[in-house]
Amino acid sequence: MHELSVCQGMLRQVAAIASEHQASGVESITVRVGPLSGIEPELLAQAFPLASAGTVAEKAALIVESLPVRVRCRSCGAESESTPNRLLCGQCGDYQTQLLSGDEMLLASMELTT
Amino acid sequence: MCDTCGCNITPGNKHLVQTDGKLARTQDGKTAVTVLKSLLSENDHQAAHNREHLDRQGVLAINLMSSPGAGKTTLLEATIDALGGDYKFAVIEGDLETENDAERIRARGIPAVQITTGNACHLDAHMVHEALHQLSLDGLDILFIENVGNLVCPASFDLGQHRNVTLLSIPEGDDKPAKYPVIFRAADVLVLTKTDLLPVLNDFDPDKAERHLRALASQVPVLRASARKDTGLDGWLAWLRAERDAHRHRLAQGETLRPAIQPDGSRLHALTEEPAQHGHRHTHHTAKDA
Ligand SMILES: Nc1nc2c(ncn2[C@@H]2O[C@H](COP(=O)(O)OP(=O)(O)OP(=O)(O)O)[C@@H](O)[C@H]2O)c(=O)[nH]1
Ligand SMILES: [Mg+2]
Ligand SMILES: [Zn+2]
Ligand SMILES: [Zn+2]
Ligand SMILES: [Zn+2]
């Protein structure tokens, strides 16, 4: 599963930010993922202890915030909540929609001990 | 490898993380940092760098994704046979094990680099970068990147390609776009492969596959291909020709392109700069001066 590689990439960013702030440890890491990112929150949580062992984030809590799938309709302009495999307008049913949220995989914030 | 061209992404690579850390000191003396960057920032950075390599040489890079055995290598073989006289191709092959696919391509006189990923179920931009430096991009028209057969993981990793092709073979069933929305949403073109099997596997309804794709808000073309029938590749070959011409045209105007599906939600929520505006310089070596 690619969640391990994603987690390793994230931890390299975390380590760089921690060292930039001369932190001695990382208390928590908050990430935001949407269902259309291709990242499974549970798999990310399972990968985290493996990937973080021996790093500055070894004791950190991983907080995963799941974002909803939302679309804006290009035909009628309505915004509606949607599901990953039916990204249609909730108002008029048109398929010409723009994704407003749901494909994020963001390192949102971190808490450092200095 | 990455070291030689100066773009190795390490914790020391400061520009990746510098200055977008908004600071706030919490009451208990801890420091809270707002980051808001993609979890795959370093991959995206490397991908932008790969795209620069390709654009400098005028090469169109096409990433092929599908489940194992959907017919990616067979489609490439047939494409080489059909267009090999007009275009100069190269292929990067991703597989968990074996050099088999690269050998099939080399047997046709086309340069191919095999990346064996071991237990990684997808290619990433760093692996592709290493492979790029093993190829001569000079005079190439199209570089194909055959991703690891997998309908889940490859979609999350930008490799520096310009276009994504997702293949769906008839034996897999017409509901796959509904089951694997991430990879089908990433497609710039959907190719239904092994269409010679439609008369036998007649519960596959191509229109239904297309409806499932449209439900992902995708407007991309759906093409049908068969490597078993000579006439089965016309739509695909026409698409390739048009893409290659459009790419040359764009590059002539100093523009490039990325696969059509941009991470919209991420872009709206992140502080990060567009990877396309990847401004700083690296020193490069090409396969020739290596
Ligand atoms: N009937 C039929 N069989 C095909 C067609 N294209 C490929 N095949 C067969 O499907 C099998 C797998 O084809 P490959 O081209 O190796 O598939 P692939 O997607 O490259 O496989 P991996 O790289 O292992 O993921 C082979 O036995 C091919 O001969 C087609 O158009 N029609
Ligand atoms: Mg293959
Ligand atoms: Zn995986
Ligand atoms: Zn609407
Ligand atoms: Zn390079």
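Note that the structure is a prediction, hence the values are computed from the model and not measured. (Residues numbered from 1 in each chain as written. Chains lettered and ligands numbered in written order. Predicted model: local features only at pLDDT ≥ 70, side-chain atom pairs only at ≥ 80, totals over all residues. Heavy atoms only, no water.)

## A word on the sheet that holds strand 4 (residues 79-81) of chain A
All names here are of chain A. What counts is decided by this rule: Should DSSP find at least two bridges between two strands, the strands are taken to pair. Helix numbering and strand numbering both begin at the N terminus, where a helix is a DSSP run of H or I of at least 4 residues and a strand a DSSP run of E of at least 2. Here the axes come from fitting lines to C-alpha atoms, over the contacting stretch only for helices, and the angles between their N-to-C directions go from 0 to 180 degrees.
Here 3 strands make up an open sheet; going across it, the order is 4-3-5 and the pairing antiparallel. Where the open sheet ends on each side, the last strands, each with one partner, are strand 4 and strand 5 (97-101). With strand direction ignored, the average angle separating the axes of adjacent strands in the sheet is 30°. Bridging between strand 3 (residues 70-73) and strand 5 involves 4 bridges; their strand directions are antiparallel. Looking at strand 5, one finds that V71 is bridged to L99.

## What to know about the confidence of the model for chain B
All names here are of chain B. Heads up, the condition is: You can read pLDDT as the predictor saying how much it trusts each residue, on a scale of 0 to 100. Every residue pair with non-hydrogen atoms within 4.5 Å of one another is taken to be in contact.
For chain B, mean pLDDT is 84; residues scoring 70 or higher make up 80% of the total. Every residue in residues 1-20 is under pLDDT 50, and counting partners more than four places away or in other chains gives 49 contacts. Across the whole predicted complex the pTM is 0.87, and at the interface the ipTM reaches 0.90.

## What to know about the site of ligand 1
All names here are of chain B. We count it as follows: Throughout, the term near means that a residue has one or more heavy atoms lying within 4 Å of the molecule or strand in question. Distance and chemistry together define a polar contact, namely a pair of N or O atoms within 3.5 Å, with one atom able to donate a hydrogen and the other to accept it when in protein, and with adjacent residues in sequence counting only for side-chain atoms on both sides. Note on areas: these come from Shrake-Rupley sampling with a 1.4 Å probe, and a residue is covered only by the protein chains present in the view. Residue type decides the class: Asp, Glu, Lys and Arg count as charged, Ala, Val, Leu, Ile, Met, Phe, Trp, Tyr, Cys and Pro as nonpolar, and the leftover types, Gly among them, as polar.
Neighbouring residues of ligand 1: 17 residues in total, closest K72, T73, T74, D196 and A227. A227 places a polar main-chain atom, nitrogen or oxygen, 2.8 Å from an oxygen atom of ligand 1. Out of a free accessible area of 660 Å², ligand 1 has 75% covered by protein chains. At the level of elements, helix 2 (72-83) and helix 3 (100-106) are the ones that each hand at least two residues to the shell around ligand 1. With 3 residues, helix 2 is the single largest residue contributor to the shell around ligand 1. For the shell around ligand 1, a count of residues per class yields 4 nonpolar, 6 polar and 7 charged.

## Remarks on unusual backbone geometry
To keep it simple, the criterion reads: Exposed residues in this analysis have more than 50% of their type's maximum accessible area, buried residues have under 20%, and partly exposed residues fall in between, with area computed by a 1.4 Å probe over protein chains only.
Phi is positive for Q22 of chain A, which is not a glycine, with a value near 50°. In this structure, Q22 of chain A sits in the loop between helix 1 (3-20) and strand 1 (25-33). If you check the backbone angles, K194 of chain B has positive phi at about 60° while not being a glycine. Assignment of secondary structure puts K194 of chain B in the loop between strand 8 (189-193) and helix 7 (206-214). Among the residues examined, K194 of chain B registers a relative accessible area of 27% and is labelled partly exposed.

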